[in-house]
Amino acid sequence: MKPIFLVIDYKFALTRCEISTRSGRLKWKPEKRFNYGEFPSMPVIYVNAYQLWFIYNEVRCCEAFRRRFCAYIKSLKKFIVIKIEPAKRESLDYYWGHMTSQTIWECIELDYIMSWMSTLGGAFSALGDYKLESAEIAGKISIHQLKLAMRIGDPSTIARCKLYLSISLMQKNHFKAARALIIDQYRFALSQKESNRTLVNMCLGIWSKLRYMRHMRKTGKTLMDFVKVPPPSEPLPIPQRKSIAG
């Protein structure tokens, strides 16, 4: 029989803990209080949350402590009850606070960099319709944005960066790769519990751009071929400079 002890928290909720003597694994299971009779007949250990955490770590990591603790429980032939009480003094976890502060500032800086890269990438993407070099630079910027988005861990931002990359691919006539990216992001947008309407509209807009650019490539025409600008009937007048003295 594996050693078992009971834990009662601040709200008097009961949890049963079963210890594996060999591996040190602890199996937790919520229980009802009346299943174990009266607690005064059982040995009770009063600890606070910090002390319980130390006990948990020692049982998990220290084999010598785990064996002695399990042998002590078996020798009693009863369930041990560990009652958690509020600590007299609450301690501040400065290490955790430092980690949290560093993470927050890192997210702020990453968001700031992402905004700058979006502005720069949008400019090169607009020029990418006319110059292949600009489309190449826009694609590299989109890849850097994708790396930052994956570091932030926001799925919607990752999807937007992939859509930016698809624009660069279609500008370089890689229509199959761009098509696959757009379809994947559209499926992702529709699979969310709360539909991201902005992401859905982005997918639809870029899909329309893909269809237009494929049509232009097949016909060999550009946008200016569909726009007829009538020549001016009269030459534009040349403004004359006025003399300051006059």
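So, here is what we can say about the structure in this document. Since this is a predicted model, take the numbers as computed values, not measurements.

## A word on the overall build of the protein
Looking only at helices and strands, one finds 7 helices and 5 strands in the protein. When the helices and strands of the protein are read in sequence order from the N terminus, they spell out β-β-β-β-α-α-β-α-α-α-α-α. Across the 246 residues that make up the protein, the buried fraction comes to 29%. Taking the intrachain contacts of the protein between residues at least 6 apart in sequence as the baseline, contacts between residues at least 24 apart amount to 58%. Carbon and sulfur atoms make up 59% of the accessible area of the protein, which amounts to about 18600 Å² in all.

## A look at the nonpolar core
Ranked by size, the top nonpolar core spans 18 residues in total, and within it Leu163, Met170, Ile182 and Ile206 carry the most contacts. Ranked by residues supplied to this core, first place goes to helix α7 (residues 197-219) with 7 residues. If sequence neighbours within four positions are ignored, Ile206 has contacts with Leu163, Ser166, Ile167, Met170 and Ile182. The next biggest cluster of nonpolar side chains, apart from the first, holds 14 residues, and it includes Cys17, Ile80, Ile82 and Ile84.

## Looking at the environment of Ser156
On the secondary structure map, Ser156 appears in helix α5 (residues 155-171). With 33 residues separating them in the primary sequence, Ser156 and Ala189 have C-alpha atoms 8.2 Å apart. Dropping the residues within four chain positions of it, Ser156 is found in contact with Phe188 and Asn196.

## Focus on helix α1 (residues 49-61)
Its 13 residues place the ends of α1 18 Å apart at the C-alpha level, agreeing with the 18 Å of an ideal helix rising 1.5 Å per residue. Its side-chain oxygen placed 3.1 Å from the backbone nitrogen of Tyr50, Asn48 serves as the N-cap of α1.

## Considerations on the packing of aromatic side chains
For the structure shown, the criterion picks out 4 aromatic pairs. Here the aromatic rings of Trp53 and Tyr56 are separated by 5.7 Å at their centres, their planes lie at 25°, and the arrangement is stacked. Within this pair, Trp53 and its partner Tyr56 are both found in helix α1, separated by 3 residues, close to a single helical turn. Given a relative accessible area of 49%, Trp53 falls into the partly exposed group. A centroid spacing of 5.9 Å and a plane angle of 10° characterise the contact between Phe65 and Phe69, whose relative ring orientation is stacked. Here Phe65 and its partner Phe69 are both found in helix α2 (residues 63-76), 4 residues apart, which amounts to about one turn of the helix. Cluster of aromatic residues (ring-pair linked, three or more members): Trp28, Trp53 and Tyr56.

Rules behind the numbers
- Residues numbered from 1 in each chain as written.
- Predicted model: local features only at pLDDT ≥ 70, side-chain atom pairs only at ≥ 80, totals over all residues.
- Heavy atoms only, no water.
- Helix = DSSP H or I, 4+ residues; strand = E, 2+ residues; numbered from the N terminus.
- Buried < 20%, exposed > 50% of the residue type's maximum accessible area, 1.4 Å probe, protein only.
- Contact = heavy atoms within 4.5 Å.
- Areas by Shrake-Rupley, 256 points an atom, 1.4 Å probe, with all protein chains shown as cover.
- Core = buried A, V, L, I, M, F, W, Y, C linked by side-chain atoms within 4.5 Å.
- Expected span 1.5 Å × (residues − 1).
- Polar contact = N/O pair within 3.5 Å; in protein donor to acceptor, adjacent residues only side chain to side chain.
- Phe/Tyr/Trp six-rings, centres within 6.5 Å; stacked < 30°, edge-to-face > 60°.

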